[in-house]
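# Topology and contacts: notes
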Amino acid sequence: MRAASLAGILPVLIVGMAICSAPAVSRPTLPFGVRVPRARAGAPVIKRERRAYYWRTAAIGLCCTAVAVAIAGHGSWWLTRIILVPEMAAGFCCFRIAQRKIAAVKNKDEWFAGLRQTVVTDTSWRTDPPRFPLRWLVPALAVIAATIAVGALRYPGLPAHIVTTSGHRVSKSAVSALLVAFQLYVTAQWTGIMLIIYRSRPDIEAADPAASTLRYRRFLAAFARALLIMAALVDTTLLLIALGIWQVYRPSGAVQALAILPVAAGLVLLATVAARSGQGGSRLNGNVRGLALATGTDRDDDRLWKAGLFYVNRDDPAIMVAARFGAGWTLNFGNRVAWLIIAGIVATPACLAVIGAAAGM
């Protein structure tokens, strides 16, 4: 299988697996983005909707992957990419069905009636903030440096125009500059996002503040390391593509697909960390013994989450907060800085793509 075909199929498969497995790593008190008391985490409606969601999304993922395999190599490169749109839309519909049914039962039975809703903060986050694992950024920077070095050595011996993996003839200067630019973009973007997350407030459970704080610190450190390793692996994939374009070696047939392996390994690593840790480290051991659970429960803040996924709170200065579904974080869409970040994330690759298209890539 050619690298181009595999690169088209792999995202469809990965997105399908991520959509299907998201409830498994979410907090027990946040089923499908609905805040519920700890005592209601095992309610029959939650179990029923989780089971139905798994069956629906598994069927959607398998069907979309089968279609991607069937059309791979039979048409333009965008045919497999466009499958991602209906796949994600169908996954969102499955999520909304489960979310609405759980929320309806929660509101009807008044699950939070008589409970003391509290908000917990950790003052040590200011006095003893977690340290960003800066040394884990070294592998990504080393791969970028290696790409620049190889490109500089090969550049004089290359013809004025070289053939890319898509078969287009492009000037050697455009190829060299854009490949390194994409490496810098990936590394800078992911590092910047993690730095923002490190300055954001921790995700603490009101019923178990001490243990959940410790678990969140461990989760934050593990996820940051995994994401920086992922950046290095993405840069490695771009380096392998560059080596083929720069005629350092001539990949053919199935060998072309080897360039995708580093990215696949990085995704497996992120999935493993998410599966072992759970959302906010909920699956990790807090190692806090002798402390009984607090009498309070987390605040019922569903009104601040649109469709159970999008956090919109203009009164909250936070730029990023813990996500309600799956493992990770999401932007506060009520904060103007968040929209500037979105604009930067979208504009940079768009500009690079326009430059690449103008160069014939």
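Computed from a prediction, not measured in an experiment: that's the story for all the values here.

How each quantity is defined
- Residues numbered from 1 in each chain as written.
- Predicted model: local features only at pLDDT ≥ 70, side-chain atom pairs only at ≥ 80, totals over all residues.
- Heavy atoms only, no water.
- 1 Å grid on protein atoms, 1.4 Å probe; cavity = no way out; pocket = protein on both sides within 12 Å on 5 of 7 lines; lining within 4 Å.
- Points joined across faces, edges and corners; volume = space filled by probe spheres on them.
- Helix = DSSP H or I, 4+ residues; strand = E, 2+ residues; numbered from the N terminus.
- Nonpolar A, V, L, I, M, F, W, Y, C, P; charged D, E, K, R; others polar.
- Patch = residues over 30% accessible without salt bridge, like charges linked within 9 Å, V, L, I, M, F, W, Y side chains within 5 Å.
- Areas by Shrake-Rupley, 256 points an atom, 1.4 Å probe, with all protein chains shown as cover.
- Salt bridge = Lys/Arg side-chain N within 4 Å of Asp/Glu carboxyl O.
- Lys, Arg positive; Asp, Glu negative; His and termini not counted.
- Charge placed at Lys NZ, Arg CZ, Asp CG, Glu CD.
- Buried < 20%, exposed > 50% of the residue type's maximum accessible area, 1.4 Å probe, protein only.
- Phe/Tyr/Trp six-rings, centres within 6.5 Å; stacked < 30°, edge-to-face > 60°.
- Expected span 1.5 Å × (residues − 1).
- Axes fitted to C-alpha atoms, helices over the stretch in contact; angles between N-to-C directions.
- Parallel < 35°, antiparallel > 145°, perpendicular 65-115°, else oblique.
- Contact = heavy atoms within 4.5 Å.
- pLDDT = per-residue confidence, 0-100.
- Polar contact = N/O pair within 3.5 Å; in protein donor to acceptor, adjacent residues only side chain to side chain.
- Core = buried A, V, L, I, M, F, W, Y, C linked by side-chain atoms within 4.5 Å.

Size it by volume and the second largest pocket reaches roughly 1000 Å³. Lining the second largest pocket are 39 residues, and of these Val120, Arg201, Pro202, Asp203 and Ile204 lie nearest its centre. Put simply, the parts of the chain that give the lining of the second largest pocket at least two residues each are α5 (124-127) and β7 (320-322). The leading source of residues in the lining of the second largest pocket is β7, at three residues. A class-by-class count of the residues in the lining of the second largest pocket yields 21 nonpolar, five polar and 13 charged.

Take a positive patch on the surface next. On the surface, Lys47, Arg48, Arg51, Arg56 and Lys101 cluster together into a positively charged patch. A per-element tally of the positive patch places helix α2 (residues 44-71) first, with four residues. Summarising the element assignment, Arg51 is placed in helix α2.

Let us look at the pattern of salt bridges. Close approach of charged atoms allows side chains of opposite charge to pair. Counted under the stated rule, the structure contains 11 salt bridges. A salt bridge links Lys106 to Asp300; the shortest N-O distance between them is 2.7 Å. Here Asp300 lies in the loop between β4 (297-298) and β5 (305-306) and Lys106 lies in helix α4 (residues 84-109), a separation of 194 residues in the sequence. Residue Lys106 is classed as buried on the basis of its relative accessible area of 4%. Residue Asp300 is classed as partly exposed on the basis of its relative accessible area, which comes to 23%.

A few words now on the packing of aromatic side chains. Scanning the model with the defined rule gives 15 aromatic pairs in all. Look at Tyr53 and Tyr54: their rings are 6.5 Å apart centre to centre, the planes differ by 65°, and that puts the pair in the edge-to-face class. Feature note: the residues Phe32, Tyr53, Tyr54, Phe92, Phe95 and Phe325 constitute an aromatic cluster, connected by ring pairs.

On to helix α8 (residues 209-245), then. In a regular helix each residue adds 1.5 Å, so 37 residues correspond to 54 Å; α8 covers 53 Å between its end C-alpha atoms and thus fits that length. Looking at the residues trailing α8, positive phi occurs at Gln247, about 65°.

This next bit is on the packing of α2 against α4. When two helices pack together, their arrangement is captured by the angle between the axes and the distance separating the axes. Following both chains from N to C, one finds α2 and α4 inclined at 175°, their axes separated by 10 Å at the closest point. Classified by the angle their axes make, α2 and α4 are roughly antiparallel. Counting all contacts with α2, which are made through Val45, Ile46, Glu49, Tyr53, Arg56, Thr57, Ile60, Gly61 and Cys64, the residues of α4 involved are Glu87, Ala90, Gly91, Cys94, Phe95, Ile97, Ala98, Lys101, Ile102 and Val105. In terms of residue class, the contact of α2 with α4 is made up of 12 nonpolar, three polar and four charged.

Let's shift gears to unusual backbone geometry. At Phe32, a residue that is not glycine, the phi angle is positive and equals roughly 55°. Here Phe32 is to be found in the loop between α1 (3-25) and α2. A positive phi angle is found at Ala307, which is not glycine, with a value near 60°. For Ala307, the position within the fold is in the loop between β5 and β6 (310-311). We classify Ala307 as partly exposed; its relative accessible area is 22%.

This paragraph deals with the confidence of the model for the protein. Here the protein shows a mean pLDDT of 83. Residues at 70 or above account for 82%. Averaged over each element, pLDDT in the protein is lowest for strand β3 (residues 169-171) (60) and highest for α4 (94).

All right, on to α4 then. The end-to-end C-alpha distance of α4, which contains 26 residues, comes to 38 Å, matching closely the 38 Å that a straight helix rising 1.5 Å per residue would cover. Positive phi shows up at Glu110, right after α4, with a value of about 50°.

Turning our eyes to something else, we now look at the side chain of Asp301. If you trace the backbone, Asp301 turns up in the loop between β4 and β5. Looking at Asp301, its side chain comes within polar contact range of the side chain of Arg324, at 3.3 Å. If we ignore the near neighbours within four places in the chain, the residues touching Asp301 are Arg35 and Arg324.

In this section: the nonpolar core. Of all hydrophobic cores here, the largest spans 25 residues; its most connected members are Met194, Ile197, Tyr216, Leu220, Phe223 and Trp329. Among the elements of the structure, α7 (172-198), α8, α9 (261-277) and β8 (329-331) are those that each provide at least two residues to this core. For this core, the leading source of residues is α8, giving 10 residues. Beyond its immediate stretch of four places on either side in the chain, Ile197 contacts Tyr216, Leu220, Met320 and Trp329. Counting 24 residues, the second largest nonpolar core, distinct from the first, contains Ile19, Val45, Ala72 and Leu84.

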